[in-house]
Structure formats: C-alpha cells, structure tokens
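Results of the structural survey
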Amino acid sequence: MISKPTFSDLGIGENLCSALFQNNIETPTEIQQQVIPLLQSCRHVLFQSETGTGKTFAYLLPFLEKITPQIVQPQLLIAAPTHELASQIKKQIQSVSSMKTALLIGGSSLKRQTEQLKEKPYIITGTPARLLELIHLKKLKTNGIHSIVLDEVDRLFDPELRDITKMLLRNLPETAQIAACSATVPINLEKKLSAVLQEQQTIPVQEERNLVTVRLESEDILRKNITHIAIFSTFRNKSETLRKLLVAEQPKKAIVFTSRPDQVDIETSKLIHKNIPCAALHSKADKLQRKYAIDAFRSGKCTVLVTSDLAARGLDIPSVTHIIQLDMPSSDNFFIHRAGRTGRAGQTGKNIVIGDEWELRKLAALEKKLKLTVYPKVLFKGKLLSPDYPNEDAKQSNHPGSPV
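Keep in mind that this is a model prediction, so the values were computed, not measured.

Counting its secondary structure elements, the protein contains 15 helices and 15 strands. Rg of the C-alpha trace for the protein: 22 Å, near the compact-globule value of 22 Å for 404 residues, within the 12% margin. The dimensions of the protein, computed from C-alpha atoms along their principal axes, are 70 × 55 × 40 Å. Buried residues in the protein amount to 52% of all 404 residues. Counting only contacts in the protein whose residues sit at least 6 apart along the sequence, the fraction spanning at least 24 positions is 72%. Of the accessible surface of the protein, which amounts to about 19200 Å², a share of 51% is contributed by carbon and sulfur atoms.

Spelled out as structure tokens, the structure:
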C-alpha cells in the first residue's frame, strides 16, 4: 500500500504542521497535494475543486511560509467577494498562525481599519472595493506584497465585481505571485485571468511565470455525500411548506436559500413567529447584523439561517445537515455552491428544493445535466415521505426511492 504524503513531505514547516495537527488536519487533500508544490515554485496558479476539499489551506500554507517576519509590512493579500468569506479566511489563518492579520471590508469603520494598518500586519484579507479604497487613500501600502489570492475568483470576475478586481490587481506589484480558486471555474475565466496578468507585465517574464490551471476531477460529493429531494409547492404556499418541512426534519443546522434578498427577512419573520429559532443573512443587512447571524448559526443559538445567495459562496460552517432551496437559482453554479454547504469533510447531508411546476422542470433538467438522483417527496402528517406511500404508517426505509 502506498502511504499518503504528509504536509511535512510537501515541505510545510514544523510549526504549521503542528498547528494543523492541533486542528485535526493530518493528511493533505488531493488539491493541496497538487497546488502547494506549484505555489512553492512561484507559479501563478488557478485551481478548481469541489466545496469542502481544502482549497483555503492549499494557498494559505505555502504563502504563510513565504512571509518574512523581519520585514514588518503587508506581504500577503487575499481578496474575497463577501464580508463573510473574508472574515472566515481570517479565522482560518488565525487557527494555524499568530501572524498579525487585518480584515478590511466594506461597512466597517475606515478609521478603525486605518488604525489596524498602522500596526503593520503581515496579512491582509478583505473585499476588493474596500482594499482598493484604502490603497487610493494611501493607507494600505502594497510595495511589500509578494503573494495575492483571489478566493472565489469566478465571483470576483462576475460583471458587478470584475472592474474593481482588475483595478485592484493593477494597484498591486506586478511581480507578486497570484493564486486564484473556486469550486466552479468556467473555461473562459482562465483566458480572462491570463489576459489580466499579461496586461500587468511591463517587462518580459520567464515562461514559468505563466498561469498554471489545476482542475481536480469531481469527487462526486454532490452525488455521494448529499441526498437530493424535491417537494412541490405553489409560490403562495412555500412559507408554510418550509415551516412544515423544518418541523418534520428537525435539522441540526439548516441553511434556507432564496434568490430574492427582500424575501429573506420575510421568511425569517414568519419562522420566528412560529417559534423556530433562525437568523437572516443578506447583502442589505449591515455588518453587525450579518456578523450576528453567522455567529448565532455557528454557535447553534439558532438552527436555521435564511439567506440570499450571498452565503452560498465559500462559507464553511460545520455540521450543516440540510440545505433548503426555496427557488431554483439563476445559474447552475449557484445551485452547486448552495448544495455544497452540506456534505462537507466526509459528512452527509440533504439538499431539498421546494419548487413550483416550472422550477421542478428546471430541476429535472439540472438533475440530468449533473447526473444527480433527485427523490420526489411529500409532507404528510408531519413526515417527509415518498409520494407512493402518503400515510402515517409508511416507513421510508422500506422504499427504494428513500434517501440513503
């Protein structure tokens, strides 16, 4: 039997290896095995792997090793599309390193963030617009930055963030090394990122500085770890269907997704009125409200998080047992990111779509495209059952269409 490589085998130092061990991380994942050596060799790397496969540590570990403690200035900059993801990345850094890290996100006090920068952190993590603003204000010095990360890079290159992301890169050292990653990386994104890198290169560069793309073959987490369920409901009855589903399933932790940010507070209020502990998370909420929602959900103070697609990207919250989609999202990628909030790190979970006739037809097409198996279910007398056996004595375990 061929033994799996260790982090030490990959050239990761003793201190980081010890910190990983304390976090119960002992063996590098496949994406970490492939990406870490490339980043150690100073290549620009764009990589894709499924949710929950360890992408964050794939770039963090080699870049943390490259920081020189004697040079007291920002050396690693990480850009993320949302406040929540930027904050999560900071927490992951702090779980393995004591290096000073600044979190720079919109909606927070510029003065307070300027004070953070005066303390000369080694690592910066934040959202593109706020990072760019602090650079233009000459509060964030970039001359010492040698490593740049674009986390959830496909989202950063979406139309609403693309120009800001490009401008941010133009304001960073052209000699800096770039790592970019996501669970979904469209083919054309590789060309876009390569073009941006070439625009920045004012002097000829060696071929080994060209962008390397790593696409990890699907581990079928969507199929192996997640049971997919469809429940029919008309639009006007979805709130009541959601309530009945939560009562029937009693999830340990459930994330409820809707494409409409204005619907988040409405659904949350209805659930709270029915004494179901939940919190709301969407882009229109202020920073403190968003932080409260995430913290309450992480801690278990509330068992249900109602959110827009803001939270589908990158968030890693342990022990999410249920994903409930109140509608079909605008793109297949959002469906994948939504579902990927459960079934992480070898665990299992359920992804349940509550849809009307049109949405369930759309789900059926996606089922075929992604080669999933979606089980139709009905809510009957407080239970989630196969439509073939809608009676209170039916046992799901005896039916071949039941989730496994």
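Taken in spatial order, the seven strands of this open sheet run S3-S4-S2-S5-S6-S1-S7, and their pairing is parallel. The sheet is open, and its two edges are formed by strand S3 (101-104) and strand S7 (211-215), each paired on a single side. Between one strand axis and the next, the sheet turns through 15 degrees on average, direction left out of account. Taken together, the four bridges between strand S2 (residues 76-79) and strand S5 (residues 147-151) define a ladder with parallel strand orientation. The residue of S5 that forms the bridge with Ile78 is Val149.

A few words on the environment of Thr51. Structurally, Thr51 is set in the loop between strand S1 (44-48) and helix H3 (55-65). When its relative accessible area of 9% is taken as the criterion, Thr51 is described as buried. Expressed as a C-alpha distance, the spacing of Thr51 and Gly343, which sit 292 residues apart in the sequence, is 9.1 Å. Setting aside residues up to four positions removed in sequence, Thr51 forms contacts with Ala183, Ile221, Gly340, Arg341 and Arg344.

For helix H12 (residues 261-273), every residue scored as buried is listed here: Gln263, Val264, Glu267, Thr268 and Leu271. End-on view of H12: buried residues confined to an arc of 135 degrees, all on one side of the axis. Buried positions along H12 lie against helix H11 (238-249), strand S10 (278-281) and strand S11 (304-307). Backbone geometry just after H12 places Asn275 at a positive phi near 65 degrees.

A few words on the sheet that holds strand S8 (residues 226-232). The strands making up a sheet associate through hydrogen bonds between their backbones, and the pairing can be parallel or antiparallel. In space, the eight strands of this open sheet follow the order S10-S11-S9-S12-S13-S8-S14-S15, with mixed pairing throughout. For this open sheet the edge positions go to S10 and strand S15 (383-385), each flanked by a neighbour on one side alone. Across the sheet, the mean angle from the axis of one strand to that of its neighbour is 25 degrees, orientation sign disregarded. Sheet topology places S8 next to strand S14 (residues 374-380); four bridges connect them, and they run parallel.

In this fold, Arg112 is placed in helix H5 (residues 110-118). The spatial distance from the C-alpha of Arg112 to the C-alpha of Lys138 is 15 Å, given a sequence separation of 26 residues.

Summed over all chains, the structure comprises 15 salt bridges. A salt bridge links Arg290 to Glu84; the nearest nitrogen and oxygen atoms lie 2.8 Å apart. On the criterion of sequence distance, the pair formed by Arg290 in helix H13 (residues 287-299) and Glu84 in helix H4 (residues 83-96) is long-range, its members being 206 residues apart. Residue Arg290 shares its accessibility class with Glu84, and that shared class is buried. For Lys291, the salt bridge identified is with Asp295, shortest N-O distance 2.7 Å. One end of the pair is Lys291 and the other is Asp295, both in helix H13 and four residues apart, which spans about a single turn. The class for Asp295 is partly exposed, based on a relative accessible area of 27%. A single salt-bridge network, built from bridges that share partners, covers Lys91, Lys291 and Asp295.

Across the interface, H4 lies against H13 with an axial gap of 11 Å and an inter-helix angle of 55 degrees. By the angle class used here, H4 and H13 are oblique. Along this stretch, H4 crosses H13, giving a crossing that reads as right-handed. Between H4, through His83, Glu84, Gln88 and Lys91, and H13, the contact on the second element is made entirely by Arg290, Ile294, Asp295 and Arg298. Class assignment of the residues belonging to the contact of H4 with H13 gives a composition of one nonpolar, two polar and five charged.

Positive phi, normally seen in glycine, also occurs at Glu152, with a value near 55 degrees. Examined against the element boundaries, Glu152 turns out to sit in the loop between S5 and helix H7 (153-156). Judged by its relative accessible area of 4%, Glu152 falls in the buried class. Here Lys381, not a glycine, exhibits a phi torsion of approximately 50 degrees, which is positive. Position of Lys381 among the secondary structure elements: in the loop between S14 and S15.

Conventions adopted
Residues numbered from 1 in each chain as written. Predicted model: local features only at pLDDT ≥ 70, side-chain atom pairs only at ≥ 80, totals over all residues. Heavy atoms only, no water. Helix = DSSP H or I, 4+ residues; strand = E, 2+ residues; numbered from the N terminus. Rg over C-alpha atoms; globule rule 2.2 N^0.38 Å. Buried < 20%, exposed > 50% of the residue type's maximum accessible area, 1.4 Å probe, protein only. Contact = heavy atoms within 4.5 Å. Areas by Shrake-Rupley, 256 points an atom, 1.4 Å probe, with all protein chains shown as cover. Pairing = 2+ DSSP bridges. Axes fitted to C-alpha atoms, helices over the stretch in contact; angles between N-to-C directions. Arc of directions from axis to C-beta. Salt bridge = Lys/Arg side-chain N within 4 Å of Asp/Glu carboxyl O. Parallel < 35°, antiparallel > 145°, perpendicular 65-115°, else oblique. Left-handed = near helix turned anticlockwise from the far one by under 90°. Nonpolar A, V, L, I, M, F, W, Y, C, P; charged D, E, K, R; others polar.

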